[in-house]
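A structural walkthrough
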Amino acid sequence: MKLIAILAAALINIIPSPVEMQVKDGCFKLGPETSFCVSDSQALGVAEFMSSKLSASTGFRLPVSECGKGDIALVLDPESGLPREGYTLEVTKDRVVATAPDAAGLFYAMQSFLQLLPPCADSRVKVDLKTWTAPCVSIRDYPRFGWRGFHVDPCRHFMTVEETKRQIDMLSEYKVNVMHWHLTDDQGWRIEIKKYPRLTEVGGWRTEFDGSVHGGFYTQEEIRDVVAYAAERFVTIVPEIEMPGHSFAAIRAYPWLSCLNVPVWDFGVWGSPDIVLCPGSERVFRFLDDVAAEVSALFPGEYFHIGGDECQKTKWKECDACQARIRQEGLVSDEEGTAEEKLQSYAVKRMEGILAKYGKKLIGWDEILEGGLSPNAAVMSWRGEKGGIKSALAGHCVVMTPSHDGLYLDHFQGDPKVEPVSIGNYTTLEKIYGYNPVPEVLVQNGKAEYVIGVQANTWSEYLYSIAQREYMMYPRIFALAEIAWTPLENKDFKDFCRRVDDACQRADYHGINYHIPLPEQVGGSYDNVVFTDKAVLEFKTTRPMRMVYTLDGSVPTASSKQYRKALEFTSDATLRIASVTTYGKLSPVRTITIRKTLPAKAVTPSFTGIRARRADGRFITPQDCKDAVWYEVKAGTLRDLSNLEKLDKNMPPSVRFYASKAEAYFSVPETGVYVFSSDCDQVFIDGALVIDNSGEVKRFSRHDGGVALEKGCHSVEVVFISNVIGGWTSLRNKSEVYIRPVSSEKSQLISIVK
Ligand code: ACM
Ligand code: ZN
């Protein structure tokens, strides 16, 4: 490429990056006189959609006609020789011509054109811009995969119709064309089923442990509305109705759906109970048939997702009906699986038959491989690629969404110490961008074509608001758009990062929140820094970002002092630091206190081991248990504080609420500064409060604290409360305290004086 062309290409922000593109001299100017013309009625729909969108931001009228004369021409040409959904786009100084074999292709040509215009073209209200220009280009483009999916989970936390449409509207601009709608789970049933009204009346709502009620559901009318809204944007919605596991909300509504047939409780915690649908019962299959009939009628797409994941089979072992079915069907344990796994396979196969009646193809999570895959099932490979590879080798269609390869957007996208609480793991923008959905082994075996697509999933256990949900989705979902569309050889992460800035500005116009990488401390992030001689703080970001900071108490702005090298402190300070995008938007600001201190004197322990006490009651914060009645309990280690009660699979009835405290001494080998970390509610070192997680979701301790200590023994006091906050059951925590020298990234358990 000539230098001028390289420079011009650097101004093109299209995501996903097109297959072929030449940047030409000059620009097309969109003005009040610009008009659209179309070849036929299918193209008309796309042109009217686009005209209406651009009219809103530009304030121009942009009429559409079928006369063949117009500045922006949309030509539907089945003989174009382009693959499905493909298009060509010629932008010259005088005219824009989009050609495609189908309406979807024209829609995508228009999305590329939209992205050639400035980000404010996405505004819903008129923007006063002197000139609206798009650089001249010649593009030939088509998708790598037919299934370019995003998944939303309104079960753990509900998502309104308006919030759902917002994602469809945004993501269709990035040529994402499938929304996998996870409509049922243990914590909520979200779709109205007329024949079984209790599914939403009862299963649509849950009482949280703080007494508040969470829930909601979509009426069939709302579902139709969302489906039509998506169709207008060439997005197909794939409904998911979970079976035979993850069905607790349905069982709450109709207890006869489970093997036990006894009333069950609200399930307001994360995790999955072992009370599942009973595949021994014919009534259960009639229920599934009735539900499938109503759901199938609402969704015109070819696929129906039946879940199938994480179904615990303990109750089937004890259920007469299930065991009778196992005998009747001759399901025996062998190298292919246990009899109960085969019972799951039996249930999925029956579901495949039910769906066929309603003209739907079955797709399920990769557990549907267990006990034998249904003949025509498609598989969504989430536990790595293994299930997907096995299925594709056997000639089944596969959608890749391996959780640990970057496709689970509920994972942390930066240092857990500075990011909002999440389910765990670590998936940066670069990690998802680097994913290639076609494993080499499938290429070698000539089975690559069975990978029909790739999808990113956003489970919502820890997504307590729509802002947080969008924060986790964006911008990582833009990477999904590119890996699903762009040929491998055109991918370029550095260039993608540049284009993401444009996409994020468009997200601003859509009112969509997104993640901007925060400054993270090299060696481990924490906000309470102490030092004895000097503190040196070095910062990094998960992708290249400018960082700005203040030391005078003011909130940083884009023009605050730029961070260029490690900061040194020899006296007390408060550092406020944020990242700033190329367009001047700041990440959340981190406030770090830096305090000069003398090392705390070592003490002589007045006892050895752990002195533990317990108080019974429902406490949220340590303040709540100030006046509680405490009694002594035995504890060999700090870990025992969260072991005073046991938790079983079906957690809610077994959660025991209490508070516990421990006092002990621990030793450090050297005088120095140490950083403490704990998921307990509070940790005091030598009487001073160092960690305070009060009232928060107690996972991935985000309040680490530094303390200067003399070599020798020091006292520690720990408060642990067994409660449920934000759906997290703290009895699952290891109530430990970890320590690391400030110069080390490696933490270990504090060394209790025994
Ligand atoms: C899943 O993440 N359980 C499919
Ligand atoms: Zn059963």
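Residues numbered from 1 in each chain as written. Chains lettered and ligands numbered in written order. Predicted model: local features only at pLDDT ≥ 70, side-chain atom pairs only at ≥ 80, totals over all residues. Heavy atoms only, no water.

1. Topic: the overall build of the chain
- Within the chain, the regular secondary structure consists of 18 helices and 41 strands.
- Here the C-alpha radius of gyration of the chain, 29 Å, is about what a compact globule of 754 residues would show, namely 27 Å.
- For the C-alpha atoms alone, the extent of the chain along its principal axes is close to 95 × 75 × 50 Å.
- A buried classification covers 60% of the 754 residues belonging to the chain.
- The long-range fraction of contacts in the chain, counting pairs at least 24 apart against all pairs at least 6 apart in sequence, stands at 73%. (Helix = DSSP H or I, 4+ residues; strand = E, 2+ residues; numbered from the N terminus. Rg over C-alpha atoms; globule rule 2.2 N^0.38 Å. Buried < 20%, exposed > 50% of the residue type's maximum accessible area, 1.4 Å probe, protein only. Contact = heavy atoms within 4.5 Å.)

2. Points about the coordination of the zinc ion (ligand 2)
- For the zinc ion (ligand 2), the full set of protein donor atoms is Cys259 (SG), Cys278 (SG), Cys319 (SG) and Cys322 (SG), at a range of 2.2 to 2.3 Å.
- Metal-centred angles of 108 to 111° between the 4 donor atoms at the zinc ion (ligand 2) mark the site as tetrahedral.
- Each donor residue of the zinc ion (ligand 2) belongs to the same chain, and together they define the spacing C-x18-C-x40-C-x2-C. (Donors = N, O, S within 2.8 Å, 3.2 Å for Na, K, Ca; no water. Tetrahedral: all angles 85-135°; square planar, octahedral: opposite > 155°, others 65-115°.)

3. Focus on unusual backbone geometry
- The omega torsion of the bond from Met243 to Pro244 falls at -15°, within 30 degrees of zero and hence cis.
- Mapped onto the elements of the fold, Pro244 is located in the loop between strand 14 (236–243) and helix 7 (248–253).
- Residues Tyr474 and Pro475 are joined by a peptide bond in cis, for which omega reads 5°.
- Within the secondary structure layout, Pro475 lies in the loop between helix 15 (466–473) and helix 16 (476–485).
- Positive phi, normally seen in glycine, also occurs at Leu62, with a value near 50°.
- Here Leu62 lies in the loop between helix 2 (41–58) and strand 3 (64–65).
- Of note, Glu85 is a non-glycine position whose phi angle comes to about 70°, a positive value.

4. Concerning the sheet that holds strand 18 (residues 398–400)
- Here we have 8 strands rolled up into a closed barrel, ordered 8-9-14-15-16-17-18-19, and parallel in their pairing. The average undirected angle you get between the axes of adjacent strands in this sheet is 30°. (Pairing = 2+ DSSP bridges. Axes fitted to C-alpha atoms, helices over the stretch in contact; angles between N-to-C directions.)

5. Considerations on the packing of aromatic side chains
- With the rule as written, the count across this model stands at 33 aromatic pairs.
- Each ring, one from Phe607 and one from Tyr665, has its centre 5.2 Å from the other, and the planes form 65°; the classification is edge-to-face. Here Phe607 is found in the loop between strand 28 (590–596) and strand 29 (611–616), whereas its partner Tyr665 is found in strand 31 (residues 658–668), with 58 residues between them in sequence. A single burial state applies to Phe607 and to Tyr665, both of which are buried.
- When the ring centre of Trp485 is taken as origin, the NZ or CZ atom of Lys175, which lies over that ring, is 5.6 Å away. (Phe/Tyr/Trp six-rings, centres within 6.5 Å; stacked < 30°, edge-to-face > 60°. Lys NZ or Arg CZ within 6 Å of the ring centre and 35° of its normal.)

6. Let's talk about the sheet that holds strand 6 (residues 96–100)
- Taken in spatial order, the 7 strands of this open sheet run 1-7-5-6-4-2-3, and their pairing is mixed. The open sheet has two edge strands with one neighbour each: strand 1 (20–30) and strand 3.
- Sheet analysis places strand 2 (residues 36–38) next to strand 3, joined by 2 bridges and oriented parallel. Residue Cys37 lies in a different strand from strand 3, and its bridge partner there is Ser65.

7. Some remarks on the pattern of salt bridges
- Going through the model one piece at a time under the given rule, you end up with 42 salt bridges.
- Among the ionic pairs, Lys417 bridges to Asp704, the shortest N-O distance being 3.0 Å. One end of the pair, Lys417, is in the loop between strand 18 and helix 13 (429–433); the other, Asp704, is in the loop between strand 34 (688–692) and strand 35 (705–709), with 287 residues separating them in the sequence.
- Classification of Asp704 by relative accessible area gives buried; the value is 5%.
- Overlapping salt bridges bring together Lys53, Asp122, Glu173, Asp502 and Arg506 as one network. (Salt bridge = Lys/Arg side-chain N within 4 Å of Asp/Glu carboxyl O.)

8. Quick word on the layout of surface pockets
- In this structure, the largest pocket spans a volume of roughly 750 Å³.
- As for the largest pocket, its lining consists of 29 residues, and the residues nearest its centre are Arg84, Glu85, Gly146, Asn177 and Thr236.
- Of all the secondary structure elements, the ones that give two or more residues to the lining of the largest pocket are helix 3 (103–116), helix 6 (220–232), strand 14 and strand 19 (451–458).
- A breakdown of the residues in the lining of the largest pocket according to their chemical character gives 19 nonpolar, 4 polar and 6 charged.
- Taken as a whole, the second largest pocket encloses approximately 510 Å³ of empty space.
- If you list the elements that add at least two residues to the lining of the second largest pocket, you get strand 32 (672–677) and strand 39 (738–741). (1 Å grid on protein atoms, 1.4 Å probe; cavity = no way out; pocket = protein on both sides within 12 Å on 5 of 7 lines; lining within 4 Å. Points joined across faces, edges and corners; volume = space filled by probe spheres on them. Nonpolar A, V, L, I, M, F, W, Y, C, P; charged D, E, K, R; others polar.)

9. Focus: the packing of helix 10 (residues 320–328) against helix 11 (residues 339–357)
- Interhelical geometry of helix 10 versus helix 11 gives an angle of 85° and a closest axis separation of 10 Å. In terms of orientation, helix 10 lies roughly perpendicular with respect to helix 11. On helix 11, the residues touching Cys322, Gln323, Arg325 and Ile326 of helix 10 are Ala339, Glu340, Leu343, Tyr346 and Arg350.
- Grouping the amino acids of the contact of helix 10 with helix 11 by side-chain chemistry returns 5 nonpolar, 1 polar and 3 charged. (Parallel < 35°, antiparallel > 145°, perpendicular 65-115°, else oblique.)

10. Some details on helix 11
- If you check helix 11, its first and last C-alpha atoms are 27 Å apart, about what 19 residues at 1.5 Å a residue would give, namely 27 Å.
- Following helix 11 by one or two positions, Gly359 adopts a phi angle in the positive range, close to 75°. (Expected span 1.5 Å × (residues − 1).)

11. Here we look at the confidence of the model for the chain
- With 98% of its residues at a pLDDT of 70 or more, the chain has an overall mean of 96.
- Within the chain, strand 9 (residues 178–182) carries the highest mean pLDDT (99), whereas helix 1 (residues 3–9) carries the lowest (57). (pLDDT = per-residue confidence, 0-100.)

12. Regarding the environment of Gly86
- Along the chain, the position of Gly86 falls in the loop between strand 4 (72–76) and strand 5 (87–91).
- With 23 residues separating them in the primary sequence, Gly86 and Ala109 have C-alpha atoms 8.1 Å apart.
- Dropping the residues within four chain positions of it, Gly86 is found in contact with Thr99, Ala100, Pro101, Gly105, Asp141, Tyr142 and Pro143.

13. Side note on the environment of Met400
- Among the structural elements, Met400 can be located in strand 18.
- With relative accessibility at 0%, the residue Met400 sits in the buried group.
- When the C-alpha positions of Met400 and Tyr358 are compared, they lie 26 Å apart, and in sequence the two are 42 residues distant.
- Setting aside its immediate chain neighbours within four residues, Met400 contacts Ser381, Glu385, Gly388, Ile389, Tyr435, Pro437, Pro439, Val451, Gly453, Val454 and Gln455.

14. Quick look at helix 10
- If you check which residues of helix 10 are buried, you get Cys322, Arg325 and Ile326. Along helix 10, the residues classed as buried sweep out an arc of 100° about the axis, all on the same side. Along helix 10, the residues that are exposed and aim more than 90 degrees away from the buried face are Asp320, Arg327 and Gln328.
- Looking at the buried residues of helix 10, the elements they touch are helix 8 (282–298), helix 9 (314–318) and helix 11.
- Two residues or fewer after helix 10 comes Gly330, characterised by a positive phi angle close to 65°. (Arc of directions from axis to C-beta.)

15. Some points on the nonpolar core
- With 116 residues, the main nonpolar core has Trp181, Trp189, Ile191, Leu199 and Phe299 as its most contacted residues.
- Within the second largest apolar cluster, 44 residues are counted, among which are Ile12, Leu54, Phe60 and Met110. (Core = buried A, V, L, I, M, F, W, Y, C linked by side-chain atoms within 4.5 Å.)

16. Remarks on the pairing of strand 8 (residues 147–152)
- In terms of burial, strand 8 is largely enclosed, as 6 of its 6 residues are buried.
- Every second residue of strand 8 is oriented toward a common face, with Trp147, Gly149 and His151 on one face and Arg148, Phe150 and Val152 on the other, all of them buried.
- Sheet analysis places strand 8 next to strand 19, joined by 6 bridges and oriented parallel. Within the sheet, the bridge partner assigned to Gly149 lies in strand 19 and is Gln455.
- Bridge count for strand 8 against strand 9 is 4 bridges, and the pairing is parallel. Looking at the pairing, Phe150 lines up with Met179 of strand 9.

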